[in-house]
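Chain by chain, the residues:
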Amino acid sequence: MKNFAARLITWHRHHGRHDLPWQQSRDPYRVWLSEIMLQQTQVATVIPYYQRFLARFPTLAELAAAPVEDVMALWSGLGYYARARNLHACARAVVVDHGGAFPHDPAAIAELPGIGRSTANAIAAFCFGARAPILDGNVKRVFARCFGIEGFPGTPAVEREMWHQAEALMPARQGGDYIQAQMDLGATVCTRGRPRCEACPLAEICVARQAGRQAELPVAKPRKALPEREAIVLLLCHEGRVLLEQRPPSGIWGGLLSLPELPAGADPEEYAQQVFGCEAGDWEELPGLVHTFTHFRLHLTPLRTRVRLLAQTREGGARWLDFSQLDDAPLPAPIRRILAGAQEAG
DNA sequence: AAGTCGGGGAC
DNA sequence: GTCCCAGACTT
């Protein structure tokens, strides 16, 4: 489709977003950091995290030199914590394998931890002027509508078709403006619900608009019923402190600190004593909460008790933290909420 | 090809 | 409440 890129680039000059915090620089470090944070995460959510992160780690070298725990703490609440681990690993790989500077070749960038084809291409196009297209949620939505592409874009077949389109449409020049234009159009005009077609530079050539099928394209993900899971978490309190344990590196909340989770069917009294060396007092059930993940719904029930310490905990990853230390701890969002409520309740 | 991985904005 | 977001990675 000729004119596709030209329409977008022209539109972007006057109607694109130009003031986002990571757009003030072509420093690959800042571009890369923003791209990772923005994976499956909206701009408004990312901005405060991005500012905090950059203030703590102004350069890639400082990030690479830091302990991964500090990175996790700054990521706490942002979700998809494998991104933070990969970010740290990537910084070290750039230092160790590439002399501290990102490679310019998109394929080489995509070899780095946490960087896939789309993110690698974005970095290469923004920072090095590469003719390398992206394919994110915005582009998929624009393509599906503009070209009338049927089928859920998450399937490999549809994705292959869209990558082919993306490669063919990518202009030789102004690549950075072009991919920024695609994302801006998807975020501000070709939105999921109620797209503003009257303001769209592609309106004349858009298949969905001509057919009045904006609401049907892109085809929605086929949904299954969410499985329900339940978990009991323990607040073992002792002299103003609470026991937290580190989660396994992979799985939900990988690598974060969390409240100890009672194994299914276990007795809290015995578990506290045998695993953590704590003699429990009276148990108090705190208000529970429901947290919905992408693929299941978790019902969390907190049980609180004051304990007497009998022995050293047998859990290597377990730590006593003062309630005043929780702000800086790498906690999952729902656990942070539970702890905040528990503190208020005394 | 399907499943795993968070949290919140927008509706 | 539901849907999905500047996706990557594992199985």
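An unreviewed UniProt entry annotates chain A as Adenine DNA glycosylase of Denitratisoma oestradiolicum. The UniProt entry for chain A carries the following comment under Catalytic activity (unreviewed entry): "Hydrolyzes free adenine bases from 7,8-dihydro-8-oxoguanine:adenine mismatched double-stranded DNA, leaving an apurinic site." Recorded in UniProt under Function (unreviewed entry), the annotation for chain A is "Adenine glycosylase active on G-A mispairs. MutY also corrects error-prone DNA synthesis past GO lesions which are due to the oxidatively damaged form of guanine: 7,8-dihydro-8-oxoguanine (8-oxo-dGTP)."

Enquirer: So, empty space enclosed by the protein: which residues are in play, and what are the values?
Expert: The final tally for this structure, using the stated rule, is one cavity of 30 Å³ or more. The calculated volume of the largest cavity comes to roughly 110 Å³. In terms of lining residues, the largest cavity is bounded by 14 residues, among which Arg-145, Cys-190, Cys-197, Cys-200 and Cys-206 are the most central. Per-element tally for the lining of the largest cavity: the top contributor is helix α9 (residues 137–146), with three residues.

Enquirer: Give a description of the packing of α9 against helix α11 (residues 175–188) that names residues and reports values.
Expert: In contact at an axis separation of 8 Å, α9 and α11 are set at 75° when each is read in the N-to-C sense. Relative to α11, the element α9 is oriented roughly perpendicular. On α11, the residues that touch Asn-138, Val-139, Arg-141, Val-142 and Phe-143 of α9 are Gln-182, Met-183, Leu-185, Gly-186 and Ala-187. The residue makeup of the contact of α9 with α11, split by class, is six nonpolar, three polar and one charged.

Enquirer: Give me the protein's contact with DNA strand C: which residues, what numbers.
Expert: Around DNA strand C, a shell composed of 26 residues is seen, among which Gly-114, Thr-119, Asp-136, Gly-137 and Arg-192 lie nearest. Atoms of DNA strand C within 4 Å of the protein: sugar and phosphate make up 63%, bases the balance. One of the backbone N or O atoms of Gly-137 is found 2.8 Å from a phosphate oxygen in DNA strand C. Contact distances for DNA strand C include 3.3 Å between a phosphate oxygen and a side-chain N or O atom of Arg-223. Elements that contribute at least two residues to the surface near DNA strand C include exactly α8 (117–128), α9 and α11. When its residues are assigned to classes, the surface near DNA strand C shows nine nonpolar, ten polar and seven charged.

Enquirer: Break down unusual backbone geometry for me, with residues and values.
Expert: Backbone torsion omega between Leu-217 and Pro-218 reads -5°, so that peptide bond is classified as cis. Structurally, Pro-218 is set in the loop between α12 (207–211) and β1 (228–238). The phi dihedral of Arg-194 falls on the positive side, at around 45°, and the residue is not glycine. Assignment of secondary structure puts Arg-194 in the loop between α11 and α12.

Enquirer: Go over α8, please, and point to the residues and values.
Expert: Between its first and last C-alpha atoms α8 spans 16 Å; for twelve residues at 1.5 Å apiece the expected length is 16 Å, and the two agree. For α8, the tally of buried residues reaches ten of twelve residues, placing the bulk of the element in the interior. If you check which residues of α8 are buried, you get Ser-118, Thr-119, Ala-120, Asn-121, Ala-122, Ile-123, Ala-124, Ala-125, Phe-126 and Cys-127. Taken together, the buried residues of α8 touch α2 (28–37), α7 (106–109), α10 (156–169) and α11. Positive phi appears at Gly-129, one or two residues downstream of α8, with a value of about 70°.

Enquirer: If you had to explain the protein's contact with DNA strand B to someone new, which residues and values would you point to?
Expert: Around DNA strand B, the structure places 23 residues, and the nearest of them are Tyr-80, Tyr-81, Pro-156, Trp-253 and Ala-333. A breakdown of the atoms of DNA strand B within 4 Å of the protein gives sugar and phosphate a share of 62%. Note that a phosphate oxygen of DNA strand B is positioned 2.7 Å from one of the side-chain N or O atoms of Tyr-81. A distance of 2.9 Å separates a phosphate oxygen of DNA strand B from a polar side-chain atom of Lys-224.

Enquirer: Outline the UniProt feature "domain: HhH-GPD" (unreviewed entry) in chain A, listing residues and values.
Expert: UniProt tags residues 37–188 as "domain: HhH-GPD" (unreviewed entry). From the first C-alpha to the last, residues 37–188 spans 19 Å; its make-up is 66% helix and 0% strand.

Enquirer: Please provide a residue-by-residue account of the nonpolar core, values included.
Expert: Core analysis: the biggest nonpolar cluster contains 100 residues, and Phe-4, Trp-32, Phe-53, Ile-115 and Leu-339 have the highest contact counts within it. With seven residues, the top contributor of residues to this core is α8. Two domains each put at least three residues into this core: domain 1 (4–211) and domain 2 (228–344). In this structure Leu-339 touches Leu-235, Val-242, Leu-244, Leu-259, Phe-323, Leu-326 and Leu-331, once residues within four positions along its chain are discounted.

Definitions and limits used
Residues numbered from 1 in each chain as written. Chains lettered and ligands numbered in written order. Predicted model: local features only at pLDDT ≥ 70, side-chain atom pairs only at ≥ 80, totals over all residues. Heavy atoms only, no water. UniProt positions renumbered as here; feature names shortened; annotations may be inferred. 1 Å grid on protein atoms, 1.4 Å probe; cavity = no way out; pocket = protein on both sides within 12 Å on 5 of 7 lines; lining within 4 Å. Points joined across faces, edges and corners; volume = space filled by probe spheres on them. Helix = DSSP H or I, 4+ residues; strand = E, 2+ residues; numbered from the N terminus. Axes fitted to C-alpha atoms, helices over the stretch in contact; angles between N-to-C directions. Parallel < 35°, antiparallel > 145°, perpendicular 65-115°, else oblique. Contact = heavy atoms within 4.5 Å. Nonpolar A, V, L, I, M, F, W, Y, C, P; charged D, E, K, R; others polar. Near = heavy atom within 4 Å. Polar contact = N/O pair within 3.5 Å; in protein donor to acceptor, adjacent residues only side chain to side chain. Expected span 1.5 Å × (residues − 1). Buried < 20%, exposed > 50% of the residue type's maximum accessible area, 1.4 Å probe, protein only. Core = buried A, V, L, I, M, F, W, Y, C linked by side-chain atoms within 4.5 Å. Domains from an automatic or database assignment.

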